[in-house]
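Structural overview for review
As a plain string of letters, each chain reads:
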Amino acid sequence: MGSMNPPAQAGSQQPAPVYLFLLPSQALRSGQGVSWLAYVGLAEQIRAAEFTHPDEALAYASQQTLMRCLAASRLGVKATQAAEIPVDRSCSLCQAQGPANLHGKPKISGVNLSMARSLSLVLGALGPQDLELGVDVIAFKPGFYDNFDSIALLDQEKERLATLSDQQAQIARHLFWAGKEAVLKSSGYGLALAPRQVELILPQLPQDFSQIEGLTGQALAYLPGRAEPLSYWISYQAYQDSHLLALATDRPHRPISQLVSTPLMVRRALEGVSL
């Protein structure tokens with residue numbers, strides 16, 4: 001992979017609207033938990049029960065309920081029937097097919113969405129049908145594991161880190177990781193491909209995590225079976241100075257974000273939305 005030039009802007013093309021919904025997983029422990037869990041079926045509740053850590057189980061349940069709430073709201077399906085909406089998680093690389101596969105990007109007919117979760121925050125995105133989109137959410141942390149750079153970064157990205165202060169380098173590692181995972185999700189492969197298959201260029205970085213809001217980046221993804229890399233646009237947001245959100249699409253986008261605590265908030269936010 002050579003040094004990347006940023007993708008050219010798409011002329012006069014209008015940025016595609018992408019609706020982002022943020023759900024703190026603690027909402028499922030509140031009085032609203034019953035209304036959220038109405039959207040999932042027995043299979044997903046059993047899967048949540050298989051997690052050994054209660055916070056991981058809660059995060060998984062939160063992601064599934066938000067995903068089915070988004071889909072049901074777009075498709076005009078009642079909450080009590082949302083668990084019956086078919087979800088295809090077929091992997092783009094391996095031979096695993098059908099709804100029983102757990103690691104492919106979830107696909108729901110008639111809805112273009114992407115999901116991500118941390119232990120305490122779930123993120124769901126909805127966009128136009130002809131848009132490739134992917135999201136990621138990670139909690140800010142003081143450091144990454146020792147071999148992160150060698151596993152996740154290309155030589156030119158490591159060279160960029162070498163020019164930064166320690167604080168900016170840590171910010172850059174968060175942006176690299178979340179941005180690359182969002183791009184891989186947008187491509188449909190997710191972490192079935194290595195992060196080094198994505199070459200990411202970042203803007204000038206702030207000195208503090210609190211200043212991340214509104215940063216943008218661009219990327220090239222080197223995907224199987226393609227002679228030329230695909231271009232992606234990335235935007236970043238922060239949640240309560242504790243989490244980083246990344247949205248990647250295959251053309252310029254305009255994120256529209258909302259923090260939600262009830263399914264009713266999701267449905268009202270999507271009333272009259274045309275995608």
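Here goes a summary of the coordinates provided. Computed from a prediction, not measured in an experiment: that's the story for all the values here.

Scanning the protein for helices and strands turns up seven helices and nine strands. The dimensions of the protein, computed from C-alpha atoms along their principal axes, are 55 × 35 × 35 Å. For the protein, the proportion of its 275 residues judged to be buried stands at 52%. Carbon and sulfur atoms form 51% of the exposed surface of the protein, whose accessible area is close to 12700 Å².

Counting residues in each nonpolar core, the largest one holds 36 residues, and the members touching the most others are Leu-175, Val-183, Leu-202, Ile-212, Tyr-236 and Leu-244. Secondary structure elements with two or more residues in this core: helix 4 (148–152), helix 6 (166–187), strand 5 (198–201), strand 6 (216–221), strand 7 (230–239) and strand 8 (243–249). Looking at which element gives the most residues to this core, the answer is helix 6, with 10 residues. Ignoring anything within four residues of it in the chain, the contact list for Leu-244 reads Asp-136, Val-137, Ile-138, Phe-140, His-174, Leu-175, Ala-178, Ile-212, Tyr-236 and Gln-237. Among the nonpolar cores identified, the runner-up in size contains 32 residues, and Tyr-19, Phe-51, Leu-70 and Ala-71 belong to it.

Now for helix 6. Residues spaced three or four apart along an α-helix point in a common direction, a consequence of the helix completing one turn every 3.6 residues. The end-to-end C-alpha separation of helix 6 is 31 Å, in line with the 32 Å expected for 22 residues at 1.5 Å each. Where burial is concerned, most of helix 6 is hidden: 20 out of the 22 residues are buried. At the C-terminal side of helix 6, Gly-188 shows a positive phi close to 95°.

Taken together, four strands build an open sheet; the order of strands is 2-3-1-9 and the sheet is mixed. The open sheet has two edge strands with one neighbour each: strand 2 (113–117) and strand 9 (253–259). Each neighbouring strand pair of the sheet contributes to a mean axis angle of 20°, computed without reference to strand direction. Two strands pair when backbone bridges link them, and strand 2 and strand 3 (residues 121–126) are joined in this way by five bridges, in the antiparallel orientation. The residue bridging Arg-117 from the neighbouring strand is Val-122, located in strand 3. Against the sheet, helix 3 (residues 54–75) contacts strand 1 (16–24), strand 2 and strand 3, and its axis sits at roughly 25° relative to strand 3.

Our next topic: the pattern of salt bridges. Summed over all chains, the structure comprises eight salt bridges. Between Arg-29 and Asp-55 there is a salt bridge whose closest N-O contact spans 3.6 Å. Placement of the pair is Arg-29 in the loop between strand 1 and helix 1 (33–37) and Asp-55 in helix 3, with a sequence separation of 26 residues. Salt-bridge contacts for Arg-251 lead to Asp-130; the nearest nitrogen and oxygen are separated by 3.4 Å. You can see Arg-251 sitting in the loop between strand 8 and strand 9 and its partner Asp-130 sitting in the loop between strand 3 and strand 4 (133–139), a full 121 residues away along the chain.

The strands that make up a sheet are held in pairs by hydrogen bonds between backbone atoms, and each pair lies either parallel or antiparallel. Read across the open sheet, the five strands follow the order 4-8-7-6-5; overall the sheet is antiparallel. Two strands in the sheet have a free side with no partner beyond their single neighbour: strand 4 and strand 5. The mean inter-strand angle of the sheet, taken between neighbouring strand axes irrespective of direction, is 25°. Inspection of the sheet shows strand 7 paired to strand 8 by seven bridges, in the antiparallel sense.

Attention now moves to the environment of Lys-158. With respect to the secondary-structure elements, Lys-158 resides in helix 5 (residues 155–162). Given the relative accessible area of 28%, Lys-158 is considered partly exposed. Distance from Lys-158 to Leu-123, taken between C-alpha atoms, is 29 Å for residues 35 residues apart in sequence.

Quick look at the packing of helix 3 against helix 7 (residues 263–270) now. Relative orientation of the contacting elements helix 3 and helix 7 amounts to 40°, with a least axis distance of 10 Å. The orientation of helix 3 relative to helix 7 falls into the category oblique. For the pair helix 3 and helix 7, the crossing hand works out as right-handed. For the pair helix 3 and helix 7, the contacting residues are Leu-66, Cys-69, Leu-70, Ser-73 and Arg-74 in the first and Pro-263, Val-266, Arg-267 and Leu-270 in the second.

Criteria and thresholds
Residues numbered from 1 in each chain as written. Predicted model: local features only at pLDDT ≥ 70, side-chain atom pairs only at ≥ 80, totals over all residues. Heavy atoms only, no water. Helix = DSSP H or I, 4+ residues; strand = E, 2+ residues; numbered from the N terminus. Buried < 20%, exposed > 50% of the residue type's maximum accessible area, 1.4 Å probe, protein only. Areas by Shrake-Rupley, 256 points an atom, 1.4 Å probe, with all protein chains shown as cover. Core = buried A, V, L, I, M, F, W, Y, C linked by side-chain atoms within 4.5 Å. Contact = heavy atoms within 4.5 Å. Expected span 1.5 Å × (residues − 1). Pairing = 2+ DSSP bridges. Axes fitted to C-alpha atoms, helices over the stretch in contact; angles between N-to-C directions. Salt bridge = Lys/Arg side-chain N within 4 Å of Asp/Glu carboxyl O. Parallel < 35°, antiparallel > 145°, perpendicular 65-115°, else oblique. Left-handed = near helix turned anticlockwise from the far one by under 90°.

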